[in-house]
Number of protein chains: 2
Amino acid sequence: MGSTCEINAAMSIWRRLSLFVLASSLCSCLCRAEDSAMENIVTEKKAEESHRQDSADLLVFILLLTLTILTIWLFKHRRFRFLHETGLAMIYGLLVGVVLRYAIHVPSDMNNVTLSCNVNASPATLLVNVSGKFYEYTLKGEISGSEVNDIQDNEMLRKVTFDPEVFFNILLPPIIFHAGYSLKRRHFFRNLGSILAYAFVGTVVSCFIIGLLMYGCVMLMKQIGHLGGDFFFTDCLFFGAIVSATDPVTVLAIFNELQVDADLYALLFGESVLNDAVAVVLSSSIVGYQPEGDNSHTFEAMAMLKSFGIFLGVFSGSFALGVATGVVTFTKLRDFPLLETALFFLMSWSTFLLAEACGFTGVVAVLFCGMTQAHYTFNNLSPESQDRTKQLFELLNFLAENFIFSYMGLTLFTFKNHVFNPIFIVGAFLAVFLGRAANIYPLSFLLNLGRKYKISSNFQHMMMFAGLRGAMTFALSIRDTATYARQMMFSTTLLVVFFTVWICGGGTTQMLSCQKIRVGVDTDQENFIGPDGVERRSTKQESVWFFRIWYNFDHNYLKPILTHSGPPLTATLPACCGPLARCLTSPQAYENEEQLKDSDSDLILNDGDITLAYGDITVSTDATGAHTSGTPVGGVAVNSDEALDRELAFGDHELVIRGTRLVLPMDDSEPPLPLDSRRHRHKNETMS
Amino acid sequence: MGSTCEINAAMSIWRRLSLFVLASSLCSCLCRAEDSAMENIVTEKKAEESHRQDSADLLVFILLLTLTILTIWLFKHRRFRFLHETGLAMIYGLLVGVVLRYAIHVPSDMNNVTLSCNVNASPATLLVNVSGKFYEYTLKGEISGSEVNDIQDNEMLRKVTFDPEVFFNILLPPIIFHAGYSLKRRHFFRNLGSILAYAFVGTVVSCFIIGLLMYGCVMLMKQIGHLGGDFFFTDCLFFGAIVSATDPVTVLAIFNELQVDADLYALLFGESVLNDAVAVVLSSSIVGYQPEGDNSHTFEAMAMLKSFGIFLGVFSGSFALGVATGVVTFTKLRDFPLLETALFFLMSWSTFLLAEACGFTGVVAVLFCGMTQAHYTFNNLSPESQDRTKQLFELLNFLAENFIFSYMGLTLFTFKNHVFNPIFIVGAFLAVFLGRAANIYPLSFLLNLGRKYKISSNFQHMMMFAGLRGAMTFALSIRDTATYARQMMFSTTLLVVFFTVWICGGGTTQMLSCQKIRVGVDTDQENFIGPDGVERRSTKQESVWFFRIWYNFDHNYLKPILTHSGPPLTATLPACCGPLARCLTSPQAYENEEQLKDSDSDLILNDGDITLAYGDITVSTDATGAHTSGTPVGGVAVNSDEALDRELAFGDHELVIRGTRLVLPMDDSEPPLPLDSRRHRHKNETMS
């Protein structure tokens, strides 16, 4: 498992192997003073040459991305849906990989130097005394014996190889942050219970099912002598963990375009976002499973408990850190959008760094930071900064994602230590399929027992089908390719990603029509009429009790304290807390009625139902902080489950407990309750 | 001059010295198989520790920037103008530098290993055979003998030191691109002749004056024995080149805020943008001055000619490349702002890489690419992408600039090889002052001979005062600090930057009022009444003939071909070229009257003069491509100097030759010509 490549903590985009080596100077004699100036010139020339070459290499990647963008524009323009930009990026990457592998062969006479220094350590920094001059070297990583020859063989392939930590420390964070920042909150919270079940229970189940199946497969290979190295049970579990991170970006892009059912979207998106976090922490816990004693791959209860402890500790630590910094970003810089955007960006980045510095997982922290910032900080930003931040992270996400996928295609041909084992590959595809099935179907069955509005079987099939593997799986598998087991995993993972992105991603439209899932759903209507004509109201009843408590707490206390939206604290806190409430409530909450409108509403789906109203509820907040109301507000909205249901149904518009008098245009004079039946009937009327 | 640090071509933000070294494993005996697993664990722990430490280091910089943003918000909020954000970033950097230098001392017992391998070369990649295992090392740079001890002394200082190439390859490009992309074109083109004179002639004059003065200073030091190493004339010239790059970002921010005269703004901004490019190429030409033979620092005509050739070649190559890729980015992706923005960003970056790969100067190419894209590509972008690209580069510029300035503050204390020589420092300050004076005053005198509207003496004093040194000077001086001469230059340059940014930058408001330069100038009025009440119409007559030819060519042919704005080609080409014209003109040019409005107008200053009109000029373009017009359009606008003047006066609104009927609201019914007198009188009326 050990590899020293993690010492070089990433970000060496240009500083990859500079193999243009001073072969000529090898021949030169020992230090001759009169040669010094000439030598300097030669060194500089070489350095310039190397820099040029690096620029040209990077240019290849940039042009690859440019080509992807141009082609994808053509596809979008012509409404081809069978290939997503990520799938296309992989194809272009593959093509470039083939060219680099077979067409370009940089002569191997410009070789690098192997020192056999007989030192006893591999320090991170090495000072080499070259004929009186000291040169400083940094450790790049350990190299296996076979690779030593490879390096001297074709340096072009090595030049386009990035430090694997680049993916974790540069490319993944913006992708994961963007996912957290763009969660459609209304439908996400409606289905929170199910999403958490799929993400936590489901991922763990999937990990162990895949791990066990692969262990069987490995045993079989060992029997028939197809195994060329060690492959322990922890390796199998690790493989289970990394391929359990789903990434249905292709599917979701099509869902978005075709306006597929918002609950299905929320289930899939929420699950995929959270299970990335679970898979990262799970895989690092498995790596951390280190039983004491000599035999390091037997089962040991203490070590397992320790791994479990690591999982809980790292996950909750990252979660807490992400949420905490998300909340801390409490911007009051509304007049200077540039400063605001810069601060927002820096705070998000520092969350990642802080988590990494504390030994937690930066990617997980960034995910929860994004979600918290979407929930709280977003409301405090000026409208211009809201646009800017969304657009900035959208762009970063787009570039990073396409870069990863094109690199994935490239690496299929440029990675030198592939281990393609047919039995393992077939076993892996089977295990991935069964693992996904063991995640979705039993869990859906159990969840449906508790859910008022069931997850229908065609939704389950669609979720099963949408179990694509993507950037996270790739980044986890390329992180360490030192041992035979890891190399085989990496090669197999690549194939799994290719297959799922191209076949499952490309077949989404067909699958949707095959499963008779309605497309072009108006986000208001989809709650009421299922695809089969049967009533299917959104699953508000599935929310678990702690979620309801949290929601009330969040809405009545956290939002008013942390943002300028939500009801003034003076309206939600008991009268005795008046002075405290006034102190914590921002002046804007009183001043500006417009301000009170929760600006989340454009993060979530549009809701035309603003024309509905609850009659005339008047809340006037006087200067003393105590609140007087025309109708008893507390009874109508605060701390009431009915109010929560109503709000969820109304998509966070939070009209009810705004603390201001709302008289909205009404199209009928019915009493507002019971809401569901009324809305339902209303919809039926308009549809008939 | 030679240093191998350029081999490591930058971008190693995280990959700085990982000095946490396996001192413990030194003590361990030679390879013992049973220790292997344990050793792996130790290695991984060390790697993790190192990664954490790197994250924490980077976090320090992020928090530094965050602190700067928060403080600068406070300053902007309270309208403190004496300290710009860059000055503030330097102060914070200084404070952190002091803390790192004197308060934190990482114990030196965790030391790195010095190998005395007696090899004869310093290859870029080193394979070290450590007791049977191969480790790969990359060259970081040469280290002087004294530094070897320093490394083992305080590693904290080394850990916060970035590879100097980071500035050139990551941080400067967005700054320079942003400068090119946000040039206010109207006033820039009006003063193009003067700007080019200041930027090219002025910078070269300044470089040689400073070089000569410094050579005198160095001779003096040698006489009295104050010189501790070699200091050649080329070094003096190099110093002249790097401190000739002005960067009045502080001054311009205040100009913008106070709405200072737009011509003064254009002169200063245009000069500073272009002289960066000149200084970069000039300094690399001076480094490239390599006379043949043993005595490498004597004068030789051939070598000088060669340097001059390098200057011309690199400059024109970079220029051509920047302009070419700027023009190539011909986006038709208007429906997908995300794709458009991503493409725009990638193309700008690939300009930089392409220039570097070709051996030109990436920064110069990026500058001209930015200018070209602002001129042509910007018009083709969708309005959303126009905002997005502007905001994106604004953010990148902001972050990069503040990072550089805070690093500058930091490095005053953390750089270990400072050479502060009082005589050299005093000489440098004097030389910088005289060099600036020799640039501004004689050139202004010469330019005023040709200009119809003179550059007044208070403007000259202001330009003299605004010769701040900033990011470019710093990046050039830190790029190579291997020799004694370079170290002394670097230390002195730091002081020059600090002094000019704090003193000159902070005193801008005082200087403005002292020189009686009007502030709060409406961008329309500033052309007509000078600060002294005397008429001072903008200097349209100073434009040289080639500029006029180019302007007509650009406006009538290039713009219609490359953008969707400007007149249709069918209106500007002779009738015989009808078919060609129709083929090259984009359909939008006919279809959409709105489209025709040059969207540059928001890049340049707002102009209320749209209410003026030239009577009723009707141009109808029929399908055959020949144009018929109510009044002879060609005579009014195309190829006429008068039209050019009028357009320059009207700020690129290009109402005249739109090829469409324009009936604008008029506040009086005077005939439109003569424009100048009319506008002038009109303004006087409204002012009196």
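Residues numbered from 1 in each chain as written. Chains lettered and ligands numbered in written order. Predicted model: local features only at pLDDT ≥ 70, side-chain atom pairs only at ≥ 80, totals over all residues. Heavy atoms only, no water.

### Description of the overall build of chain A
Counting its secondary structure elements, chain A contains 28 helices and five strands. Buried residues in chain A amount to 61% of all 688 residues. Expressed as a percentage of contacts within chain A between residues at least 6 apart in sequence, the contacts between residues at least 24 apart total 81%. A total of about 25,600 Å² of accessible surface is found on chain A, and carbon and sulfur atoms cover 64% of it. (Helix = DSSP H or I, 4+ residues; strand = E, 2+ residues; numbered from the N terminus. Buried < 20%, exposed > 50% of the residue type's maximum accessible area, 1.4 Å probe, protein only. Contact = heavy atoms within 4.5 Å. Areas by Shrake-Rupley, 256 points an atom, 1.4 Å probe, with all protein chains shown as cover.)

### Considering helix H11 (residues 262–287) of chain B
Residues and elements named next belong to chain B. Its 26 residues give H11 an end-to-end C-alpha distance of 37 Å, which sits within 8% of 38 Å, the value for a rise of 1.5 Å per residue. In terms of burial, H11 is largely enclosed, as 24 of its 26 residues are buried. For H11, the N-terminal cap is Asp 261; the gap from its side-chain oxygen to the backbone nitrogen of Asp 263 is 2.8 Å. (Expected span 1.5 Å × (residues − 1). Polar contact = N/O pair within 3.5 Å; in protein donor to acceptor, adjacent residues only side chain to side chain.)

### With respect to the packing of aromatic side chains
All names here are of chain A. All chains considered together, the criterion is met by 50 aromatic pairs over all chains. Considering the side-chain rings of Phe 319 and Phe 368, the 4.6 Å spacing of their centres and the 75° angle between planes classify their relative orientation as edge-to-face. With Phe 319 in helix H12 (residues 301–328) and Phe 368 in helix H14 (residues 362–380), this pair connects stretches of sequence that are 49 residues apart. Using a relative accessible area of 38% as the deciding quantity, one classes Phe 319 as partly exposed. Between Tyr 407 and Phe 474 the ring centres are 6.3 Å apart and the planes differ by 70°, which places this aromatic pair in the edge-to-face class. On the criterion of sequence distance, the pair formed by Tyr 407 in helix H15 (residues 383–414) and Phe 474 in helix H18 (residues 471–478) is long-range, its members being 67 residues apart. Its relative accessible area of 1% is what places Tyr 407 among the buried residues. (Phe/Tyr/Trp six-rings, centres within 6.5 Å; stacked < 30°, edge-to-face > 60°.)

### Comments concerning the nonpolar core
In this structure, A:Phe255 and B:Phe255 are the most contacted members of the largest nonpolar core, which totals 290 residues. Those residues in contact with A:Phe255 that lie beyond four places of it in its chain are A:Val260, A:Leu264, A:Tyr265, A:Leu268, A:Met462, A:Thr508 and A:Leu512. (Core = buried A, V, L, I, M, F, W, Y, C linked by side-chain atoms within 4.5 Å.)

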